[in-house]
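Single-letter residue listing:
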Amino acid sequence: MKENKSLYIIPARGGSKGIPRKNIKELAGVPLIHYSIAVARALTDDSHIIVSTDDEEIAQVVNQTGLTVPYMRPASLATDTAGSREVIIDAMDYADDVGIQYDNVVLLQPTSPMRNTDDVKRALGLYSPEIDMVVSVVETATNPYYNCFEIDSATGFLHVSKGDGKITRRQDAPKVWEYNGAVYVINPQSIRSMTMGEFSRKVPCVMPRERSIDLDTPMDWMIAELVMTELSKNK
């Protein structure tokens, strides 16, 4: 039996405007949500995995894996304005009510199908109760010290976002990171006391760009299909 110290939460609401029904849409022949379930199952048993959904069809697709959906998310937490924090706390409340023991929460969003088990293991290895969150990041394609610009409100001219504008080679600019949405390892006490944006003790877990695809638009989906097809050919 695997040691259970983490509560794995996979959020999957029914409404999706960018890619309709994306959580159960097939990517490379597999329903999208199945990828995140497979990663979670490689790290814990089913009792510590909660798929949070408001949608019966999504629940049925989850059931195809043999994993049950323990409860349905309230409709109030399935709107466009509902935040991740509220969804996480809702799942934690359920876990607490049924006696599931955990000391951190791992959030696996279905929209990161390229994330693998090792990515989650590395994030877990960086976690300690003294921090608020470990979050997966990727180096940004644009850099505020080099090729990100703002418009001066007084002149209407562009100026570099950070620094003095004298950096002429990207490799000379400080590295800048962005969340890639793949892995969050969260301190339960922190998420109950403040929003994720208010976390001050955040530790990065760097992931490569090829595993950092976040499915938000039809173009993202096309890119993921191409990448996964090529990977399968190389195998």
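To be clear, the structure that these remarks concern was listed above.
All values reported here derive from a predicted model rather than from experimental measurement. (Residues numbered from 1 in each chain as written. Predicted model: local features only at pLDDT ≥ 70, side-chain atom pairs only at ≥ 80, totals over all residues. Heavy atoms only, no water.)

### Concerning the overall build of the protein
Point 1. Looking only at helices and strands, one finds 6 helices and 10 strands in the protein.
Point 2. In terms of overall dimensions, the protein is globule-like: its C-alpha atoms have a radius of gyration of 19 Å, near the 18 Å expected for 235 residues.
Point 3. Along the first, second and third principal axes, the C-alpha atoms of the protein reach 60 × 45 × 35 Å.
Point 4. Looking at the protein residue by residue over its 235 residues, the buried ones come to 45%.
Point 5. Computed over 25 positive and 32 negative side-chain charges, the inter-centroid distance for the protein is 5 Å. (Helix = DSSP H or I, 4+ residues; strand = E, 2+ residues; numbered from the N terminus. Rg over C-alpha atoms; globule rule 2.2 N^0.38 Å. Buried < 20%, exposed > 50% of the residue type's maximum accessible area, 1.4 Å probe, protein only. Lys, Arg positive; Asp, Glu negative; His and termini not counted. Charge placed at Lys NZ, Arg CZ, Asp CG, Glu CD.)

### Thoughts on the pattern of salt bridges
Point 1. Summed over the entire model, instances satisfying the criterion amount to 9 salt bridges.
Point 2. As a salt-bridge pair, Glu57 and Arg21 come within 2.8 Å of each other at their nearest N and O atoms. Note that Glu57 is positioned in helix H2 (residues 56-63) and Arg21 in the loop between strand S1 (6-11) and strand S2 (26-27), a separation of 36 residues in sequence.
Point 3. Owing to a relative accessible area of 29%, Arg21 belongs among the partly exposed residues under this scheme.
Point 4. Among the ionic pairs, Asp132 bridges to Arg201, the shortest N-O distance being 2.6 Å. Of this pair, Asp132 sits in the loop between helix H4 (117-126) and strand S6 (133-139) while Arg201 sits in the loop between helix H5 (188-193) and strand S10 (202-206), placing them 69 residues apart in sequence.
Point 5. A residue is classified by how much of its surface remains accessible, and Asp132, at 1% relative accessible area, is buried. (Salt bridge = Lys/Arg side-chain N within 4 Å of Asp/Glu carboxyl O.)

### Observations regarding helix H6 (residues 218-234)
Point 1. For H6, which comprises 17 residues, the first-to-last C-alpha distance of 25 Å matches the rise-based estimate of 24 Å (1.5 Å per residue) to within 8%.
Point 2. Within H6, the full set of buried residues consists of Asp220, Trp221, Ala224 and Met228. Within H6, the buried residues cover an arc of 95° as seen down the axis, which keeps them to one side. Residues of H6 that are exposed and angled more than 90 degrees away from the buried face: Met219, Met222, Leu226, Lys233 and Asn234.
Point 3. Residues of H6 that are buried sit in contact with S2 and helix H1 (32-41). (Expected span 1.5 Å × (residues − 1). Arc of directions from axis to C-beta. Contact = heavy atoms within 4.5 Å.)

### A word on the side chain of Asn180
Point 1. With respect to the helices and strands, the residue Asn180 is situated in strand S9 (residues 177-186).
Point 2. Reaching out from Asn180, the side chain makes a polar contact with the backbone nitrogen of Ala182 at a distance of 3.0 Å. (Polar contact = N/O pair within 3.5 Å; in protein donor to acceptor, adjacent residues only side chain to side chain.)

### Remarks on the pairing of S9
Point 1. By the criterion of burial, S9 is predominantly enclosed, with 7 of the 10 residues buried.
Point 2. Pairing analysis gives 3 bridges linking strand S5 (residues 104-107) to S9, with the strands arranged antiparallel. Its bridge partner being in S9, Val106 is matched across the sheet by Val185.
Point 3. Note: S6 against S9, 6 bridges, orientation antiparallel. Its bridge partner lying in S9, Val137 is registered against Tyr179. (Pairing = 2+ DSSP bridges.)

### Notes on the layout of surface pockets
Point 1. Approximately 570 Å³ is the volume found for the largest pocket.
Point 2. Pro11, Arg13, Lys22, Ser84 and Gln109 are, among the 26 residues lining the largest pocket, the residues nearest its centre.
Point 3. With 3 residues, helix H3 (residues 84-97) is the largest single contributor of residues to the lining of the largest pocket.
Point 4. Its residues assigned to classes, the lining of the largest pocket shows 10 nonpolar, 9 polar and 7 charged. (1 Å grid on protein atoms, 1.4 Å probe; cavity = no way out; pocket = protein on both sides within 12 Å on 5 of 7 lines; lining within 4 Å. Points joined across faces, edges and corners; volume = space filled by probe spheres on them. Nonpolar A, V, L, I, M, F, W, Y, C, P; charged D, E, K, R; others polar.)

### A look at H1
Point 1. With 8 of 10 residues buried, H1 lies mostly within the body of the structure.
Point 2. Along H1, the positions that sit buried rather than exposed are Leu32, Ile33, His34, Tyr35, Ser36, Ile37, Val39 and Ala40.

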